[in-house]
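Results of the structural survey
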Amino acid sequence: AVLQRDRPIPVWGTAVDGQSITVKLGAVEVTTQAESNGKWIAWLPKRKAATELTLAVSSGGERIVIKDISIGEVWLGSGQSNMAMSVRGARDYEQEQQSSNLPQIRFFKVENERADHPQSEVQGSWKLSSPDTVGAFSATGYFFAKQLHREMNVPVGVIISAVGGTPIQSWIRKEAQQSIPELEPLLQLLSKRQADIDQEALRAKYEKQLSVWRKNAAAAAERGQSPPRKPTEPIAQALRKTDVGGLFNGKIKPLVPYAIRGVLWYQGEANTLPETAPFYRYQLPLLIRDWRMHWGNQNLPVAWAQLPNYKATGRDWPTVRQAMLDTLAVPNTGMAVTIDLGETDDIHPKNKQDVGRRLARWALADVYGKDVTPMGPVPWKTQRDGRAIDVTFRYSGDGLRWKSAEVTAGFEVQDASGKWLPATARLRDDRTVRVSHEDVAE
C-alpha cells in the first residue's frame, strides 16, 4: 500500500468492545481502544517518504501484518468511464507497457457497488505497476502518477473509484443535494423517472434476450467460435441513470478517512442532457464541499478534466464545460484543459497521456509549489473594443501561438438578439485573442 506522507496517518477497524489495539508502523507504535460499538481508530504521526515498511495491528492475541508499505503521495481518482478507462485502452499501450516497471507507483481499485446506505467496508487490493498489471490501471490516473513520480521521486498511490455512464448526482450524498434549493427540480425529475421505470417489462424483455443469447452462445461453442456478447442487465442500468447518492454511499464513504493529498475528478458526459446540464454549476462545487467535509479538510485540493471537443448530438456539453470553468472560483481547485484532446466520434478519447500530465502539472504547480505552468490556457477576462471583444487568457505559459494570422474555427460571438455566429479571431498579444464578426456590431 501507499500511505500519505507529511500527514497524520489513520488506521481503523473493529474489535471487541473496549479492547486495546496496538498499531505499529516501522518503529513507531501507538495504542488505542475500541469504543462501545467495537469501532476504533489510531492516528500514526506524520512522516517523510519511505519504502519497505511493515504495518502491524495487534489486539487480544490476534496480529495482522501488512508488508511492503510505502509512504508517499496518495490521490483519489473518481468519475465515470473516462476515469475508469484502462491503460490497455489508451494510445500506444505496447510502448507504455514496456516502460511500466515502476513498483513505487501503486493502484487500488474500489470494487464496491452502489448502496442505499453509507458503507464502512471497502473491497479491493493494492497492485504495483508492472508490465503484467498496468493494462488494468486507470489510464488518466496512471499517467498522472507517472508524471508525479518522475518529478518528485517519491512513491505515488492512486485509489480509483469510478463507474462508467454515471451522473454526478450519484457521487454526492443525497442529503447534501436536498439541502440545495436550486437542485430541487432535478431531484424531482429523477424521482419521477425512477418511479416510471417498468421493472417487470424490462425483466421480461431481458429474459427473452438471455434465452436467444444462450442458444447463440451454445451454437457458437459447437462451431468453436467465441460466444456473442451477453445482453446488458437493463434494470440496474435504468436505475443507475436516476440514482442519487448511491455511489457515494458505496464507493466513496468507505474510503473516509484514508489520508489522501487530493482528488482527481473525470466526469460530466452523463450530465450533458439539456434538462440536466444547467444543474452542474451547483453540483460540482457541492461535491467538492461535501467530500472536503467528510475528509475533515476544507483545503483538500480537487481538480477535474474538462469536457473535450466532441460531436455530441442532442447534448449540451458547453453548459457543463462552462460550469467546470466557473467552479475554478472555489479555492484550491484546478482543471486540466482538454478542449484539444477529444475525438469527434469517440466519447472516450485515447490520448489519456496528456490528460494525466496536465492534471499532474496543476498538482505540481498549485499543490506542490513547483515552477511549472498549471492546467493550460483558460479564459480570464474580456474587454469590448468597438465591434470586437478582446479575450485575455491566463496560464498561457510562454504565450499563445497561432499557426496562421487568423483563425476562423473555434470562436463564436453572440449578437444582441442572442444568436451565436462563427467568429474570426487573431492574436492581439501573447495572452489576448481579438474576436469579431463582420455582421455583429453589438
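The preceding data block contains the structure.
Residues numbered from 1 in each chain as written. Predicted model: local features only at pLDDT ≥ 70, side-chain atom pairs only at ≥ 80, totals over all residues. Heavy atoms only, no water.

Here we look at the overall build of the protein chain
Cut-off, in case you're wondering: Numbering of helices and strands starts at the N terminus; helices are DSSP runs of H or I of at least 4 residues and strands are runs of E of at least 2. Here the radius of gyration uses the C-alpha set of atoms, whereas the globule reference equals 2.2 Å times the residue count to the power 0.38. Only protein chains enter the accessibility calculation, which uses a 1.4 Å probe. A residue is then buried if its area is under 20% of the maximum for its type, exposed if over 50%, and partly exposed in between. When checking whether two residues touch, look at their non-hydrogen atoms; a contact exists if any pair is within 4.5 Å. Surface accessibility follows the Shrake-Rupley procedure with a 1.4 Å probe radius. Residue values consider only the protein chains on display as shielding. Think of it this way: Lys and Arg go in the positive column, Asp and Glu in the negative one, and His and the chain ends go nowhere. All charge positions are set by atom: Lys at NZ, Arg at CZ, Asp at CG, Glu at CD.
Broken down by element type, the protein chain carries eleven helices and 19 strands. Relative to the compact-globule value of 22 Å for 442 residues, the protein chain shows a C-alpha radius of gyration of 25 Å, a close match. With respect to the three principal axes, the spread of C-alpha positions in the protein chain is 80 × 60 × 50 Å. Out of the 442 residues belonging to the protein chain, those deemed buried represent 48%. Counting contacts in the protein chain only where the partners sit at least 6 residues apart, residues at least 24 apart contribute 69% of the total. In the structure as shown, the protein chain presents an accessible area of about 22,400 Å², 48% of it carried by carbon and sulfur atoms. Between the averaged position of the 57 positive side-chain charges in the protein chain and that of its 50 negative side-chain charges there is a distance of 2 Å.

Here we look at helix H9 (residues 280-295)
Inclusion rule: How far a helix is expected to stretch is found by multiplying one less than its residue total by 1.5 Å.
Counted at 1.5 Å a residue, the expected span for H9 with its 16 residues is 22 Å, and the 22 Å between its end C-alpha atoms agrees. The element H9 is largely enclosed, with a buried count of twelve among its 16 residues. Looking only at H9, the buried set comprises Tyr280, Gln283, Leu284, Pro285, Leu286, Leu287, Ile288, Asp290, Trp291, Arg292, His294 and Trp295. One or two steps after H9, the chain reaches Gly296, where phi turns positive at roughly 65°.

Here we look at the pattern of salt bridges
Two side chains with opposite charge may pair up if their charged atoms get near one another. To keep things clear, this is the line we draw: Here a salt bridge means any side-chain nitrogen of Lys or Arg lying within 4 Å of a carboxyl oxygen belonging to Asp or Glu.
Taken as a whole and judged by the stated rule, the model has 20 salt bridges. For Arg261, the salt bridge goes to Glu73, with nearest N and O atoms at 2.7 Å. One end of the pair, Arg261, is in the loop between helix H8 (246-252) and strand E11 (262-266); the other, Glu73, is in strand E7 (residues 62-79), with 188 residues separating them in the sequence. Just as Arg261 is buried, Glu73 falls in that class too. Measuring nitrogen to oxygen at the nearest pair gives 2.7 Å for the salt bridge that ties Arg173 to Asp290. Taken together, the residues span a long stretch of sequence, with Arg173 in the loop between strand E10 (156-162) and helix H4 (174-178) and Asp290 in helix H9 at a distance of 117 residues. Taken together, the shared-partner salt bridges in this structure form one network comprising Asp385, Asp390, Arg428 and Arg434.

Digging into unusual backbone geometry
Residue Pro257 is bonded to the preceding Val256 through a cis peptide linkage, with omega at 10°. Positionally, Pro257 belongs in the loop between H8 and E11. Its identity is not glycine, yet Asn332 carries a phi of approximately 60°, on the positive side. Of the residues examined, Asn332 reaches a relative accessible area of 40% and is grouped as partly exposed.

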